[in-house]
Protein chains: 2
Amino acid sequence: MTRIHIQELRDNIGKKVTIAGWVDIRRDHGKLIFIDLRDVTGKVQMVALPFNKEAHEQAGAIRSEWVIEVQGNVNKRPDKMVNDKEENGDIEFEMLDITVINEARTPPFEVNIDTATVDENIRLKYRYLDLRSARMQRNMKLRADFIHTAREYLRGQGFIEIETPLLTATTPEGSRDFVVPSRLNRGKFYALPQSPQQYKQLLMAAGFERYMQLARAIRDEDLRADRGFEHTQIDLEMSFVTQEDVINMVENTITHTVEKLGYTIREKPFPRITYKEAMEKYGADKFDMRTEEERATGVLAYAWVVEFPFFEKTDTGGWTFTHNPFSMPIPEHIPLLLEGKNIADILTTQYDLVCNGYESGGGSIRSHRRDVLEATYHIMGYTKEQTEQSVGHMLEAFEFGMPPHGGIALGVERTIMNLTGETALREVQAFPMTRGGQTAVMQNAPGELTTEQLLELGITVIKQKQI
Amino acid sequence: MTRIHIQELRDNIGKKVTIAGWVDIRRDHGKLIFIDLRDVTGKVQMVALPFNKEAHEQAGAIRSEWVIEVQGNVNKRPDKMVNDKEENGDIEFEMLDITVINEARTPPFEVNIDTATVDENIRLKYRYLDLRSARMQRNMKLRADFIHTAREYLRGQGFIEIETPLLTATTPEGSRDFVVPSRLNRGKFYALPQSPQQYKQLLMAAGFERYMQLARAIRDEDLRADRGFEHTQIDLEMSFVTQEDVINMVENTITHTVEKLGYTIREKPFPRITYKEAMEKYGADKFDMRTEEERATGVLAYAWVVEFPFFEKTDTGGWTFTHNPFSMPIPEHIPLLLEGKNIADILTTQYDLVCNGYESGGGSIRSHRRDVLEATYHIMGYTKEQTEQSVGHMLEAFEFGMPPHGGIALGVERTIMNLTGETALREVQAFPMTRGGQTAVMQNAPGELTTEQLLELGITVIKQKQI
């Protein structure tokens with residue numbers, strides 16, 4: 001008999017069907033044995049009646065998390081047994097024949113337990129059990145829906161999805177790179193991308209005009225609740241645009257996507273606030289505009305922060321960029337940048353998107369002129385030679401017909417945290433690492449390499465006492 | 001005046017509009033100056049007439065690959081001037097006012113040149129120029145369309161898109177891993193994923209039932225025309241399925257996708273051939289079933305290869321897996337595997353998808369039983385302890401309610417090569433590496449690390465003469 005999903009049961013009341021899934025809970029009332037069965041589409045209460053001896057006996061032997069296939073009747077519950085608060089609380093599945101597909105040991109924690117009571121490392125080691133919970137199933141499905149809806153919208157706006165490399169060069173964008181030793185070029189290293197910043201600018205040089213990618217960003221930063229080594233961003237870039245064009249495109253994309261998913265945006269168009277105002281009003285460049293009541297109901301308070309200073313002082317008295325060295329200053333400050341005057345006053349075209357207290361994305365209009373990028377590096381104390389070494393390939397690209405362009409990167413995890421109310425990154429990624437940076441579910445990587453592997457890469461490991 | 005795209009010109013005949021893009025070719029006939037302008041949507045011939053002095057003068061100064069914005073009239077060409085073989089050959093754009101957005105140096109090669117005449121490293125260094133060509137624009141757009149169409153179909157079939165980690169543990173799947181030194185766990189290394197094989201199986205343990213991902217696969221293999229360090233696969237896995245279910249799902253997905261993109265499949269359902277027959281008939285497990293005429297017209301000859309031997313002899317006389325240690329044998333050979341008998345005769349549930357001479361994908365029904373995976377490793381000469389160390393986490397997952405499952409990985413690059421007729425991987429990736437494994441367009445990574453970086457990672461580089 002063809003198997004159907006639990007969500008299809010309601011369309012099959014009065015019929016005999018087969019379902020399969022995991023045993024959520026078994027309650028043995030002697031005469032009646034109840035089993036809640038769970039599949040990817042939902043949950044249903046099943047019952048084994050005493051006059052059906054075989055099914056009753058089978059049901060008695062079954063334990064939590066076993067995988068079973070059950071043939072049975074879909075019955076409407078009598079009115080007084082209907083439970084409106086329960087999923088499928090108006091039907092009951094009468095078990096006629098049970099096939100055990102795979103048994104299960106007693107799990108280290110109950111699948112739908114309050115995870116605050118479970119040791120985090122145990123939860124991550126048995127992540128496949130944790131992911132069976134209603135909460136994690138919802139989070140992962142919502143993430144897939146969000147990505148799908150945003151991508152579909154952008155495609156409709158003419159964006160072309162293009163993948164950029166994972167093995168690449170180090171970037172001057174701030175965080176620490178993860179590096180990858182090269183066997184073919186022994187003693188040398190690739191870097192994993194902190195973002196596809198330069199590649200997406202080169203795609204604008206290549207004439208694609210509207211690029212997008214669900215880009216993987218990898219940074220060797222210290223781990224925090226809302227920050228992991230890996231995250232994903234909706235990465236996009238547009239040519240022949242102003243700051244206003246990009247902001248509008250992003251605002252339309254987000255509005256379309258979250259409203260389609262059933263969420264409410266607090267204020268449209270998104271309010272804009274300058275960095276200066278934000279610091280005066282909130283003391284920070286990310287802030288939560290929701291009132292107390294709104295926090296309870298889950299509205300999304302998006303806002304743009306604009307007019308950031310381009311540069312800030314370093315510890316050693318020099319200048320460094322606040323956000324992105326590849327940004328353009330605002331048009332009226334280009335002369336200041338080129339002349340290196342009033343550096344503290346130069347404002348960048350950077351726009352940060354804030355939502356419910358988190359920085360949800362950030363972007364800018366990019367430099368597409370050699371003189372602007374050179375002046376930026378000059379202010380940061382780079383010699384001509386150092387600038388050439390760091391971004392010479394970009395300067396050269398600017399000389400072969402680079403269009404004006406700008407873009408943004410929107411954090412997927414931060415957004416899903418806002419949509420779900422989760423406060424930790426690990427709740428919205430399928431297989432996050434432990435706080436110690438280990439892949440708990442998978443052999444506790446990182447691990448040691450063999451001498452042969454190290455030799456092939458032309459590296460050795462420093463013994464701990466030597467460090 | 002709002003800018004429109006070149007593909008919209010035909011809808012604006014007789015009107016005054018603005019377009020922008022790159023100068024493809026300029027032909028100066030003295031009185032008439034012709035400029036072919038290119039944007040992401042197409043190409044059009046523009047003309048500067050002598051009586052419009054300013055535009056004529058501006059047009060005379062313009063060179064190839066400059067970025068310009070032009071205001072002008074969209075004119076229908078007189079009948080005798082119509083060129084059916086040319087894109088937009090029935091219209092002409094009369095330039096009235098030209099704005100130079102960005103100039104360009106003389107490019108190192110013409111954008112639409114026959115690339116066989118260009119040094120490969122030069123082509124890759126100036127990849128953004130190469131990507132402007134009609135051929136590369138088509139390849140990248142087709143790739144985006146293919147991915148989109150396949151993903152949309154799978155989503156309609158209930159597949160949930162889930163991302164798996166890039167920093168992970170080494171896998172016993174055959175190729176050489178790229179590794180990533182850990183700063184938090186000095187002297188230890190993550191591996192980059194050769195495939196999400198184990199994660200997708202764990203997602204089946206997690207109850208997602210149908211998973212898909214455009215997965216990045218990274219392998220330190222020797223570089224060949226059709227093989228790079230990085231490639232992308234349509235990765236999918238399904239629970240409660242047989243080999244037949246997966247094969248049908250994949251066949252439907254591919255058929256839907258390539259036919260929607262306008263391609264023709266030679267034979268449906270895809271013919272199936274056993275490994276033994278393939279070796280007898282073609283002498284290889286990948287082959288081209290097309291006739292000579294079909295090769296010229298570009299039909300897609302898909303076929304499945306099934307009934308592969310599970311094991312093959314190693315150089316040292318032991319046994320190793322032919323495809324994937326996580327596969328199930330065919331049902332009737334499970335007893336042979338468990339008893340370790342007639343090892344050479346054991347057939348696996350592996351199915352390889354072949355198209356026009358390339359291996360286009362491969363998958364299998366997976367092991368979901370401890371005894372089967374243990375027996376597989378036992379045959380390969382692993383002790384209990386070694387098996388535990390290699391796949392202990394998977395064996396443990398099998399004990400907590402693992403459903404039967406199977407899946408496949410379809411190579412995106414190989415497919416786009418088949419669709420376009422390209423024979424090299426670099427023609428269907430945006431930023432491929434050189435044959436020497438360098439990121440030509442981006443600072444020629446890999447590069448050297450500083451002493452501080454190395455120290456932080458707890459590694460040193462072996463001096464060349466020491467090796």
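A brief structural summary. (Residues numbered from 1 in each chain as written. Chains lettered and ligands numbered in written order. Predicted model: local features only at pLDDT ≥ 70, side-chain atom pairs only at ≥ 80, totals over all residues. Heavy atoms only, no water.)

Focus: the pairing of strand β15 (residues 351-355) of chain A
Residues and elements named next belong to chain A. Counting buried positions over the five residues of β15 gives five, a clear majority of the element. Alternating positions in β15 separate into two faces, Tyr 351, Leu 353 and Cys 355 on one and Asp 352 and Val 354 on the other, with burial throughout. The pairing of strand β12 (residues 302-306) with β15 spans five bridges and is antiparallel. The residue bridging Ala 303 from the neighbouring strand is Val 354, located in β15. Across five bridges, β15 lies against strand β16 (residues 358-365) in antiparallel orientation. (Buried < 20%, exposed > 50% of the residue type's maximum accessible area, 1.4 Å probe, protein only. Helix = DSSP H or I, 4+ residues; strand = E, 2+ residues; numbered from the N terminus. Pairing = 2+ DSSP bridges.)

Observations concerning the interface of chain A and chain B
If you look at the interface, chain A gives 122 residues, while chain B gives 122 residues. Counting the surface lost from both chain A and chain B, the interface buries some 10,900 Å², and carbon and sulfur atoms represent 60% of this. Three residues, Glu 163, Phe 400 and Met 442 of chain A, lead the burial of chain A against chain B; their summed loss comes to 7% of the area buried on that side. Taken together, the links from chain A to chain B amount to 20 salt bridges. Salt-bridge contacts for Arg 183 of chain B lead to Asp 220 of chain A; the nearest nitrogen and oxygen are separated by 3.0 Å. Taken together, the links from chain A to chain B amount to 59 residue pairs in polar contact (both at pLDDT 80 or more). The element contributing the most residues to the side of chain A that touches chain B is helix α4 (residues 134-156) of chain A, with 12 residues. Sheet analysis places strand β18 (residues 459-461) of chain A next to strand β18 (residues 459-461) of chain B, joined by three bridges and oriented antiparallel. Bridge pairing in β18 of chain B links Ile 459 of chain A to Val 461 of chain B. (Contact = heavy atoms within 4.5 Å. Buried area = accessible area lost by both parts, 1.4 Å probe. Salt bridge = Lys/Arg side-chain N within 4 Å of Asp/Glu carboxyl O. Polar contact = N/O pair within 3.5 Å; in protein donor to acceptor, adjacent residues only side chain to side chain.)

Digging into a negative patch on the surface
There is a patch of like negative charges on the surface, built from Glu 54, Glu 57, Glu 69 and Asp 97 of chain A. Along the chain, Glu 69 of chain A turns up in strand β4 (residues 67-76). (Patch = residues over 30% accessible without salt bridge, like charges linked within 9 Å, V, L, I, M, F, W, Y side chains within 5 Å. Areas by Shrake-Rupley, 256 points an atom, 1.4 Å probe, with all protein chains shown as cover. Lys, Arg positive; Asp, Glu negative; His and termini not counted. Charge placed at Lys NZ, Arg CZ, Asp CG, Glu CD.)

Observations regarding helix α1 (residues 53-61) of chain B
It helps to recall that an α-helix has 3.6 residues per turn; residues three or four apart then point in one direction. All names here are of chain B. For α1, every residue scored as buried is listed here: Ala 55, His 56 and Ala 59. Along the long axis of α1, the arc covered by the buried residues comes to 100°, so they all point the same way. The exposed set on the far side of α1, more than 90 degrees from its buried face, consists of Lys 53, Glu 54 and Glu 57. In this structure, the buried side of α1 is in contact with β1 (16-29), β2 (32-39), β3 (42-48) and β5 (91-102). (Arc of directions from axis to C-beta.)

Quick notes on the side chain of Arg 216 of chain A
With respect to the secondary-structure elements, Arg 216 of chain A resides in strand β9 (residues 210-218). Classification of Arg 216 of chain A as buried rests on a relative accessible area of 15%. Polar side-chain contacts of Arg 216 of chain A include one of 3.3 Å to the side chain of Glu 230 of chain A. Within the structure, Arg 216 of chain A has its side chain in polar contact with the backbone oxygen of Thr 164 of chain B (distance 2.5 Å). Beyond its immediate chain neighbours, meaning those up to four positions away, Arg 216 of chain A contacts Pro 193, Glu 230, His 231 and Thr 232 of chain A together with Glu 163, Thr 164, Pro 165, Leu 166 and Gln 213 of chain B.

Digging into unusual backbone geometry
Residues Lys 268 of chain A and Pro 269 of chain A are joined by a peptide bond in cis, for which omega reads -15°. Along the chain, Pro 269 of chain A falls in the loop between α6 (243-260) and β11 (272-274). Residue Pro 446 of chain B is reached from Ala 445 of chain B by a cis peptide bond, and omega for that bond is 5°. Looking at the element boundaries, Pro 446 of chain B is found in the loop between α12 (412-420) and α13 (451-457). Its identity as a non-glycine residue notwithstanding, Asn 444 of chain B has a phi of 50°, on the positive side. Relative to the helices and strands, Asn 444 of chain B resides in the loop between α12 and α13.

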